[in-house]
Every structure is written in structure tokens, then in C-alpha cells.
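# Results of the structural survey
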Amino acid sequence: MTRKKVLVVGAAGNLGRRLIRAGQRHGHEMTALVRDGGAFTSRLTGDEPNDVRIVECDIFDTDGLHSAIEGQHVVINAAGNVNDGKPFSALFDHVVSAVERHAAVEKAWFLGGAAVLDIPHTRRIGVGLPFVPAIYEPHRVNWQRLARSTLDWSLMCPGPMTAAQDGETHDALRVSIDAMPYEIGAWARFAPSIALSLVLKFKLPELIVSYEGVATVIMTNLDPGGSLSRHRVGLALPAGQRGVKEGWTLGQRGPDV
């Protein structure tokens, strides 16, 4: 992979900081777009390379956002939270529209959620199934926005994310395209929605992945026209592993880690 200029929008967040770190470890020229550069710097752990370029800008400052995107090869949007509802979709649309105006951008990554992935062997997605909170509906809206775009985009759709534990590896995650990254029999195409919901609930711990793992998958797929281009991307732990995110319940904002 050639060295690229990569802009991370929302770089001060849990995933954003890991993206900056992973990008620099892969040899890319990283730019962090944040509202408060001082706060961003204070949250770094101390082992990141110190040559990251910091741009202070509110995402809805259109001129500032366009200035930050100018000259970048890749834009990664890690800003916003689905719990914010319609404002989250408005932010998402704003970033997509800004990137669309820059022909030099080769690749754009956006963040969604597992609830917008297909249930294997069916045409149904997590959003809309019984017991799946409607709060995840903005992920569907955002995916539909990308589907109308001509960008070379990928939509990362992890389950709950947590900080990596000491010694955790990040190169063995199961990666899926458009569908949930777990096995389910062909019977699913005939199953009632409530049965699919129960399977999703049972499988959810397999979808609890680390921020570091998500960042690694993104940073190793920055080239345009790859296998993940214009697809939703699901992630799961290696077969047989189940994760835990303390203090988190379905439909609620998790703790800051």
C-alpha cells in the first residue's frame, strides 16, 4: 500500500484516536480534524508518533471542512453518535456532501452499526426486527445516503466497541460484506422475524470488537476499488470467542473508554 494522506473527522473520539495511531503505524500522513486541539492532544496515550497534523474545526463549518479535505487521498468519518438521532444523520450527510465535492479523494470510510447489516440468507436487516431498538434507524438512513453517492465508500458496521485488552490481536477478526459476520443456516430465509431477533441477541457478544481492531481493518483497506468498496462491512471476533462491554446495554450509549 502506498503512503496516503488521510483525514480523520472526529479524531478525538475513542475510534478516531485509534485510527490516527493505526494510520501512522501504517506509514500514512495523518490529519486529525477536531473541535479542540488541546483536548485531543491531552487524550493521546503518549505512544503515538507526534507528527500528526491537527486541524481545529467544527464539522458544520463548511469552509473549514472543505479546507481540511483539500488534498487528502482518504477521508474517514468517525464523528457523531447514533443515539443523537436525526442530528447524527444530518452530520453524516454533511460530511458525505463535502467529500463528494473533492474529486481527489480516492476513498471514504464511514461508521455505521451492525444493525444495518443483512441477516444471512435473508433480505432483512437488524433494524426493524423485534427487540432491536429503533434508535439504530439512523444507520439505515445513512447507508441509503451512501448508496446514492458516486464515492468509493465503505461503511464500517461493527457491534459494540471496547478498548483492546493487553495482548489482544487484531488480525484474526472475521470480516463480512453486507451481511452479519456470523453463521446461520439457510432456514433463516423462512424464519419469523422474532426468531432472527433471538439469534441476533445470542450472537451479539461475538460482535463486540475492539476499537483497535476496527481501526486496523479500515487502515488496511484504503485503496479504491477494493473488495470492500461500496459495501457495508461487518466484523466479529474469531470463531468461538465472545466479548463483553461492561456498562453497556442494547440501545444505550456505552461508557467512554
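Further up the page is the structure itself.
To keep things clear, this report deals only with the structure shown in the data block. The structure presented is a predicted model; accordingly, all values stated were derived computationally and were not measured.

Parameters at a glance
- Residues numbered from 1 in each chain as written.
- Predicted model: local features only at pLDDT ≥ 70, side-chain atom pairs only at ≥ 80, totals over all residues.
- Heavy atoms only, no water.
- Pairing = 2+ DSSP bridges.
- Helix = DSSP H or I, 4+ residues; strand = E, 2+ residues; numbered from the N terminus.
- Axes fitted to C-alpha atoms, helices over the stretch in contact; angles between N-to-C directions.
- Contact = heavy atoms within 4.5 Å.
- Patch = residues over 30% accessible without salt bridge, like charges linked within 9 Å, V, L, I, M, F, W, Y side chains within 5 Å.
- Areas by Shrake-Rupley, 256 points an atom, 1.4 Å probe, with all protein chains shown as cover.
- Salt bridge = Lys/Arg side-chain N within 4 Å of Asp/Glu carboxyl O.
- Buried < 20%, exposed > 50% of the residue type's maximum accessible area, 1.4 Å probe, protein only.
- Expected span 1.5 Å × (residues − 1).
- Phe/Tyr/Trp six-rings, centres within 6.5 Å; stacked < 30°, edge-to-face > 60°.
- Lys NZ or Arg CZ within 6 Å of the ring centre and 35° of its normal.

Our focus in this paragraph is the sheet that holds strand β2 (residues 29-34). The mixed open sheet is built from 8 strands, whose spatial order is β3-β2-β1-β4-β5-β6-β10-β8. Edge positions in the open sheet fall to β3 (53-56) and β8 (174-177), since each of these has one partner strand only. Neighbour-to-neighbour, the strand axes of this sheet turn through a mean angle of 20 degrees, independent of strand direction. Looking at chain direction, strand β5 (residues 107-111) and strand β6 (residues 153-157) are connected through 4 bridges and run parallel. Bridge pairing in β6 links Ala108 to Trp153. On top of the sheet, helix α1 (residues 14-25) reaches β1 (5-9), β2, β4 (74-77) and β5; it is set at about 165 degrees to β2, its chief contact.

There is a patch of nonpolar side chains on the surface, built from Phe131, Ile194 and Leu198 and spanning about 330 Å² of accessible area. Its place among the elements puts Ile194 in helix α6 (residues 193-203).

Let's shift gears to the pattern of salt bridges. As enumerated under the stated definition, the model contains 11 salt bridges in all. The partner of Glu106 in a salt bridge is Lys4, with the nearest N and O atoms 3.1 Å apart. Here Glu106, found in the loop between α4 (86-100) and β5, pairs with Lys4, found in the segment before β1; they are 102 residues apart in sequence, far enough to count as distant. Given a relative accessible area of 5%, Lys4 falls into the buried group. One salt bridge connects Arg145 with Asp93, and the closest N-O pair in it is separated by 2.6 Å. You can see Arg145 sitting in helix α5 (residues 137-147) and its partner Asp93 sitting in helix α4, a full 52 residues away along the chain. Given the relative accessible area of 11%, Arg145 is considered buried. A single network of salt bridges, built from pairs that share partners, joins Lys4, Glu106 and Asp223.

Over its 12 residues, α1 extends 17 Å from the first C-alpha to the last, a length consistent with the 16 Å expected when each residue adds 1.5 Å. In terms of residue burial, α1 counts as a mostly covered element, since 11 of its 12 residues are buried. Along α1, the residues classified as buried are Asn14, Leu15, Gly16, Arg17, Arg18, Leu19, Ile20, Arg21, Ala22, Gly23 and Gln24. Structurally, α1 contributes buried residues whose contacts are with β1, β2, α2 (37-43), β4, β5 and α7 (211-219). Gly27 sits one or two positions beyond α1 and adopts a positive phi of about 85 degrees.

The phi torsion of most residues other than glycine is negative, and most of the peptide bonds are trans. Non-glycine residue His121 carries a positive phi angle of around 70 degrees. Here His121 falls in the partly exposed class, since its relative accessible area comes to 41%. Here the phi dihedral of Arg230 falls at roughly 60 degrees; this positive angle occurs in a residue that is not glycine. Position of Arg230 among the secondary structure elements: in the loop between α7 and β10 (231-236). The exposure class assigned to Arg230 is partly exposed, which follows from its relative accessible area of 36%.

Our next topic: the packing of aromatic side chains. Under the counting rule described, the total for this entry stands at 1 aromatic pair. Ring geometry for Phe92 against Phe110: centres 5.1 Å apart, planes inclined by 45 degrees, an arrangement best described as tilted. Of the two residues, Phe92 is situated in helix α4 and Phe110 in strand β5; the sequence distance between them amounts to 18 residues. The burial state of Phe92 is the same as that of Phe110; both residues are buried. If you follow Arg232 out to its NZ or CZ, it ends over the ring of Trp143, 3.9 Å from the centre. Cation over ring: Arg242 sits above Phe202, and NZ or CZ is 4.8 Å from the ring centre.

Such coordinate-based values are descriptive only and should not be taken to indicate function.
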